Amino acid sequence: MSEPASSFPTALDWEPQARPPVWVVRPLRQRWWLYGLFLLLTLFSTMVVGARMQYNFLHQQSVFSLNDDSLSLFPIVWIAEHPANLLMGLPFSLTLMFILLAHEMGHYLYARHYRVHATLPFFVPFPSLIGTLGAFIRIRSPIPSRAALFDIGIAGPIAGFIPACVALILGLSRSHPMAGSGASEIQLGFPLAFSLAVRLLHVATPLSSLSLHPIAAAAWVGMFATALNLLPGGQLDGGHIVFSVSPGLHRLITLVTVFALVPLGKYLWTGWFLWAVLLALTARHPSVPRYPDVSGRRPALALCAALILGLTFTPAPFAHSSGREVWPQIRDGSRETLHDLGNGLRHRFGRN
């Protein structure tokens, strides 16, 4: 925006003026084959763990069960011996992939709306408990305003939360109680959205004793990912929302969030330590032009994002995994490993 000019030219008007910098961003060359390849790999990895979940569900066990009488964490050998079992993983895989895709496409479509160059959603396969590390897009050009930053940041969590709620209702309605011996060493904690859905559906069985249908398990994963992205700080979606509303408070709120996650990691879930470190490393947000700023219905949407965080946040997503419980196990295991290593070295060199 330029200042209003005087009606009479001055000497300065006739002098050559420095031109403002102009950003020229070349269109991205999308590697369609790479996105498609990782999409298929992630579909496969989530189908493998989804098949294990379906197997556990049919045997009235916890879908995340890793007991001796259940399948391994990533039962690729079981799938190779019986390839048709892979189809058992479709309910979990398709539900989770759709939730993740909806989240990332919310970001992507609003980035396109504001002519911000962004990559397509990139899925990350991983042989883990859920078969993936999630998905992400990369922003490749400056964001033109705080309003654009707000819209791009909040579109993903809202777009992913809606299908997660649908999956939650559908999955809980198909869930059933676990068998007497179906307890698992991996016990989930549940967000407020699950408790509300149980009341809505009049489910009599407590969530801790319920064998979740794989669709409900996908809803749990999707809501957990939504809550992580909405943490108010750093360069997560929640951090983008905070910065667009109040850049001056962004760093303070990030530090408050970091300090809040430390006791949560000690007493509830050790994973919060990792997220505290990530937020601390990304506490400085890149600058974004102020105008157009956050106005109109956007403050109400910010409150909506806070409500979604409250519904999806799980302080202890996995039971018996606090720092106080995990650290002694790591310490004792390390001591045993060092002791065995020392005995082996003494035995070897003593013989020589």
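Predicted model, so just to flag it, every value in this text is computed and none were measured.

Quick look at the pairing of strand S1 (residues 122-125) now. Bridge analysis of S1 against strand S2 (residues 132-136) gives four bridges, and the strand direction is antiparallel. Opposite proline 125, over in S2, you have threonine 132 as the bridge partner.

Looking now at the layout of surface pockets. By volume, the largest pocket amounts to about 1,500 Å³. Within the residue set of the lining of the largest pocket, elements represented by two or more residues are helix H4 (90-113), S2, helix H5 (146-174), helix H7 (214-229), helix H8 (237-245) and helix H10 (271-281). Here the lining of the largest pocket takes eight residues from H7, the largest share from any one element. The residue inventory of the lining of the largest pocket, partitioned by class, reads 32 nonpolar, 15 polar and three charged.

Tallied over the full model, the rule gives one salt bridge. Put simply, aspartate 151 and arginine 298 hold a salt bridge, and the shortest N to O gap is 2.9 Å. Taken as a pair, aspartate 151 in helix H5 and arginine 298 in helix H11 (residues 298-312) lie far apart in primary sequence, 147 residues in all. A relative accessible area of 9% means that aspartate 151 is categorised as buried.

Quick look at the packing of aromatic side chains now. When we look at a pair of aromatic rings, we describe it by the centre distance and by the angle of the planes. In the structure shown here, the tally under the stated rule is twelve aromatic pairs. Judged by centre distance (5.3 Å) and plane angle (40°), the rings of phenylalanine 190 and phenylalanine 194 are tilted. Here tryptophan 269 and tryptophan 272 contribute two aromatic rings whose centre-to-centre distance is 5.1 Å and whose plane-to-plane angle is 85°, an arrangement assigned as edge-to-face. Like tryptophan 269, the residue tryptophan 272 is buried in the burial classification. Each residue in the set Phe64, Trp220, Phe224, Trp269, Trp272, Phe313 and Phe318 is aromatic and connected to the rest through ring pairs, giving one cluster.

This next bit is on the environment of leucine 249. With respect to the helices and strands, the residue leucine 249 is situated in helix H9 (residues 247-267). Note: C-alpha distance between leucine 249 and glycine 233 (16 residues apart in sequence) is 9.9 Å.

Calculation rules
- Residues numbered from 1 in each chain as written.
- Predicted model: local features only at pLDDT ≥ 70, side-chain atom pairs only at ≥ 80, totals over all residues.
- Heavy atoms only, no water.
- Pairing = 2+ DSSP bridges.
- Helix = DSSP H or I, 4+ residues; strand = E, 2+ residues; numbered from the N terminus.
- 1 Å grid on protein atoms, 1.4 Å probe; cavity = no way out; pocket = protein on both sides within 12 Å on 5 of 7 lines; lining within 4 Å.
- Points joined across faces, edges and corners; volume = space filled by probe spheres on them.
- Nonpolar A, V, L, I, M, F, W, Y, C, P; charged D, E, K, R; others polar.
- Salt bridge = Lys/Arg side-chain N within 4 Å of Asp/Glu carboxyl O.
- Buried < 20%, exposed > 50% of the residue type's maximum accessible area, 1.4 Å probe, protein only.
- Phe/Tyr/Trp six-rings, centres within 6.5 Å; stacked < 30°, edge-to-face > 60°.

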